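Observations on the model geometry
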Amino acid sequence: MPIALLALTLSAFAIGTTEFVIVGLIPIIAADLGVSLPSAGLLVSLYALGVAVGAPLLTALTGRMPRKALLLGLMVLFTAGNLLAWLAPGYESLIAARIVTGLAHGVFFSIGSTIATSLVAKEKAASAIAIMFTGLTVALVTGVPLGTFIGQHFGWRETFLAVSALGVIAFIGSLLFVPRSIPHTPPAALLTQLAVLKQPRLLLVYAMTALGYGGTFTAFTFLAPILQEVSGFSASMVGLVLLVYGVSVAIGNIWGGKLADRRGPIGALKLIFALLAAVLLTLTFTASHPWLALLTVLLWGAVAFGNVPGLQLYVVRQAERHAPQAVDVASGLNIAAFNLGIAGGAWLGGHIVADLGLIHTAWIGALVVLLALGLTFWAGRLDRCDPAGDAAPTRSALVAAH
């Protein structure tokens, strides 16, 4: 495995950590800055919004830049955003720092797959992409609980300082080991990307993605305060629960991919969305019992991100059918839909916490996931009317799905 690919994986790990670690830090930040939990939840929403808006816009604007120069510039922006968060004197400046970091996140994953595949032989392209994206999984398993631990014992600012150090290491690794000349095809113009949004079948997939993730993050954004205030876990135990959650996510991702291979994306998504809604509803009743809450969180992790392989594979299949000239753009916009779902779910969860209470985020999140399930059944019905729309994937589809 090329050492340059490890540098990309470390970058993905750092970016994944800074995206998700905020979930464990929300109670600490809210208390330190004197803001409400819903206001602290906006740190999740606005970061995700920065990813969703920045990915297509900045990717199009930087399309002709050399890939290595762009990669290094993104890691500088990422590190600067986390340093700004470390130094943020107040809530508003922390919001600005999160948005800056989100912009770097969006473009990194837009170009990361291209760089990863250029480092290996063609027959190993999918494996290279999968290796890079393991950085996100490892971030959930280790980076988030470790960052939460640092925040609880040394202060939330030190968590962002630690992530900045990861950014510096990733920058040095990319500077030393990523080749100077990386061939690439400039992405489609922004207007061409937006033209994909005229395809109803693709819009249906984006809605499935946004609602599926929106339902999860309606509750997940406030998981730490739920565990502390409803379940009665100590602050130090929250990091351990997040570790359990991250391990479960890693297993669930593998299971979700195999399920999508065996049952097809629609069949897999029907099962995963149904299980996810059931787990969120169950959390409403188990959250007040610590051991039952822990078991429910373990089950939640197993299905929370298991829909990713099916959703990515399905959007590529639909794009090859309805927008063959813009498959990569369609896949990238699905990443934007993931982040719009995160932003919307965190925003909705904040209003629920303010108006109803923490525990109500779980069952309302389940209702949002049921909407995604309903759209999945609709998509399956459309596929039965037009079987070519769910044809077997080509090799390029499988690569993009990874």
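Shown above is the structure to which this text applies.
All of the points below concern the structure found in this document. (Residues numbered from 1 in each chain as written. Predicted model: local features only at pLDDT ≥ 70, side-chain atom pairs only at ≥ 80, totals over all residues. Heavy atoms only, no water.)

1. Describing the overall build of the protein chain
Helix and strand counts for the protein chain stand at 16 helices and zero strands. Expected size for 402 residues packed as a compact globule is a radius of gyration near 21 Å; at 20 Å, the protein chain falls within 12% of this value. Reported as C-alpha extents along the three principal axes, the dimensions of the protein chain are approximately 50 × 50 × 35 Å. Among the 402 residues that make up the protein chain, the fraction classed as buried is 54%. Element-wise, carbon and sulfur atoms account for 71% of the exposed surface of the protein chain, whose accessible area totals about 15800 Å². For the protein chain, the distance from the average position of its 19 positive side-chain charges to the average position of its 13 negative side-chain charges is 11 Å. (Helix = DSSP H or I, 4+ residues; strand = E, 2+ residues; numbered from the N terminus. Rg over C-alpha atoms; globule rule 2.2 N^0.38 Å. Buried < 20%, exposed > 50% of the residue type's maximum accessible area, 1.4 Å probe, protein only. Areas by Shrake-Rupley, 256 points an atom, 1.4 Å probe, with all protein chains shown as cover. Lys, Arg positive; Asp, Glu negative; His and termini not counted. Charge placed at Lys NZ, Arg CZ, Asp CG, Glu CD.)

2. A word on the nonpolar core
By size, the foremost hydrophobic cluster in this structure holds 89 residues, and its most contacted members are Leu-94, Met-208, Trp-300 and Phe-305. Looking at this core element by element, the count peaks at 17 residues for helix H11 (residues 235-286). For Leu-94, the residues in contact, after removing those within four places along its chain, are Ile-29, Leu-33, Leu-43, Ala-85, Ala-88, Trp-156 and Phe-160. (Core = buried A, V, L, I, M, F, W, Y, C linked by side-chain atoms within 4.5 Å. Contact = heavy atoms within 4.5 Å.)

3. Digging into the side chain of Asp-383
Position of Asp-383 among the secondary structure elements: in helix H15 (residues 360-385). A distance of 2.6 Å separates polar atoms of two side chains, one belonging to Asp-383 and the other to Arg-201. Side-chain polar atoms of Asp-383 contact the side chain of Tyr-314, separated by 2.8 Å. (Polar contact = N/O pair within 3.5 Å; in protein donor to acceptor, adjacent residues only side chain to side chain.)

4. Regarding helix H10 (residues 223-230)
Within H10, the full set of buried residues consists of Leu-223, Ala-224, Pro-225, Ile-226 and Leu-227. Where H10 is buried, its residues meet helix H2 (22-33), helix H3 (37-61), helix H9 (200-220), H11, helix H12 (290-304) and H15. Residue Gly-232 follows H10 closely and has a positive phi angle near 85°.

5. Topic: the side chain of Ser-164
Along the chain, Ser-164 falls in helix H7 (residues 156-177). When sequence neighbours within four positions are dropped, the list of residues in contact with Ser-164 reads Thr-79, Asn-82 and Leu-83.

6. Considerations on the packing of helix H4 (residues 67-87) against helix H5 (residues 91-118)
The N-to-C vectors of H4 and H5 enclose an angle of 155°; their axes lie 8 Å apart at closest approach. By the angle between their axes, H4 is roughly antiparallel relative to H5. Regarding H4 and H5, the two cross each other, and that crossing is left-handed. Along its contact with H4, which presents Arg-67, Leu-70, Leu-71, Leu-74, Leu-77, Phe-78, Gly-81, Asn-82, Leu-84 and Ala-85, the element H5 presents Leu-94, Ala-97, Val-100, Thr-101, Ala-104, Val-107, Phe-108, Ile-111 and Ile-115. Class assignment of the residues belonging to the contact of H4 with H5 gives a composition of 15 nonpolar, three polar and one charged. (Axes fitted to C-alpha atoms, helices over the stretch in contact; angles between N-to-C directions. Parallel < 35°, antiparallel > 145°, perpendicular 65-115°, else oblique. Left-handed = near helix turned anticlockwise from the far one by under 90°. Nonpolar A, V, L, I, M, F, W, Y, C, P; charged D, E, K, R; others polar.)

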